[in-house]
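Given next are the chains, with one letter for each unit.
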Amino acid sequence: MSIIGDGLEILSLIDKAKNADVYRQLGDYIDKIREQQIENDRLHEQVRDLREQLRFRGTVERVHGHVFVQGDDDEICPRCAEVDMRPIHFVSQFTKDNGLHAGCPQCKLQTHFRYPCKRENAMKGE
Ligand SMILES: [Zn+2]
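Residues numbered from 1 in each chain as written. Predicted model: local features only at pLDDT ≥ 70, side-chain atom pairs only at ≥ 80, totals over all residues. Heavy atoms only, no water.

## Structural notes on the coordination of the zinc ion
Turning to step 1, where the next piece is worked out: For the zinc ion, the protein coordination sphere consists of Cys77 (SG), Cys80 (SG), Cys104 (SG) and Cys107 (SG), at 2.3 Å.
Turning to step 2, where the next piece is worked out: Coordination at the zinc ion is tetrahedral, judged from the four donor atoms that bind it and the angles of 104 to 114° they form at the metal. (Donors = N, O, S within 2.8 Å, 3.2 Å for Na, K, Ca; no water. Tetrahedral: all angles 85-135°; square planar, octahedral: opposite > 155°, others 65-115°.)

## Some points on the pattern of salt bridges
Turning to step 1, where the next piece is worked out: On inspection of all chains with the given rule, the structure shows 11 salt bridges.
Turning to step 2, where the next piece is worked out: One salt bridge connects glutamate 39 with arginine 42, and the closest N-O pair in it is separated by 2.9 Å. Separated by three residues within a single helix, glutamate 39 and arginine 42 lie in helix H2 (residues 20–57), roughly one turn from each other.
Turning to step 3, where the next piece is worked out: Note on arginine 42: relative accessible area 44%, which makes it partly exposed. (Salt bridge = Lys/Arg side-chain N within 4 Å of Asp/Glu carboxyl O. Helix = DSSP H or I, 4+ residues; strand = E, 2+ residues; numbered from the N terminus. Buried < 20%, exposed > 50% of the residue type's maximum accessible area, 1.4 Å probe, protein only.)

## Observations regarding the pairing of strand S1 (residues 60–63)
Turning to step 1, where the next piece is worked out: In the sheet, S1 pairs with strand S2 (residues 66–69) via four bridges, with the strands oriented antiparallel. If you follow valine 63 over to S2, its bridge partner there is histidine 66.
Turning to step 2, where the next piece is worked out: Counting the residues between successive antiparallel strands, the hairpin from S1 to S2 contains two residues, one of them, histidine 64, with a positive phi of roughly 45°. (Pairing = 2+ DSSP bridges.)

## Observations concerning the pairing of strand S4 (residues 100–103)
Turning to step 1, where the next piece is worked out: Across four bridges, the pairing between strand S3 (residues 91–94) and S4 is antiparallel. Bridge pairing links phenylalanine 94 to leucine 100 in S4.

## Quick look at unusual backbone geometry
Turning to step 1, where the next piece is worked out: Within the chain, histidine 64 stands out as a residue other than glycine whose phi angle is a positive 45°.
Turning to step 2, where the next piece is worked out: For histidine 64, the location among the structural elements is in the loop between S1 and S2.
Turning to step 3, where the next piece is worked out: Exposure remark for histidine 64: the relative accessible area of 58% places this residue in the exposed category.
Turning to step 4, where the next piece is worked out: One non-glycine residue, methionine 85, lies in the positive phi region at around 55°.
Turning to step 5, where the next piece is worked out: Here methionine 85 lies in the loop between helix H3 (78–84) and S3.
Turning to step 6, where the next piece is worked out: For methionine 85, a relative accessible area of 18% puts it in the buried group.

## Notes on the environment of glutamate 52
Turning to step 1, where the next piece is worked out: Position of glutamate 52 relative to the elements: it lies in helix H2.
Turning to step 2, where the next piece is worked out: Judged by relative accessible area, glutamate 52 falls into the partly exposed class, the value being 42%.
Turning to step 3, where the next piece is worked out: Through-space distance from the C-alpha of glutamate 52 to that of arginine 86 is 10.0 Å; in sequence the pair is 34 residues apart.
Turning to step 4, where the next piece is worked out: At a separation of 2.8 Å, a polar atom in the side chain of glutamate 52 contacts the side chain of arginine 55. (Polar contact = N/O pair within 3.5 Å; in protein donor to acceptor, adjacent residues only side chain to side chain.)

Take a look at the structure:
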């Protein structure tokens, strides 16, 4: 049984009328444990997210000014990789003046290239 379940079981065993003080204190104690569990869950989630960000950071590669994830030949957005730690692939987008530019669909960063860079072209310094 859970720690809160144990507390509730003890609470049910107490004669409420005779032990009002103990009853109230145990109730408060159970509330505190419940709050601690919520905080614990939140921290576990945060640790998981930070681990994932750290793992991702280790897979980011820069090739002549272009950014890639290891094992992936399509360019990703350097801003999203650096700031949000997310691998967002560049796409070609038409701008207001009808020019074609590679950019990020997430943060709207735009390059002066028409198409996203392929790794083999980045290796050649293109
Ligand atoms: Zn971006």
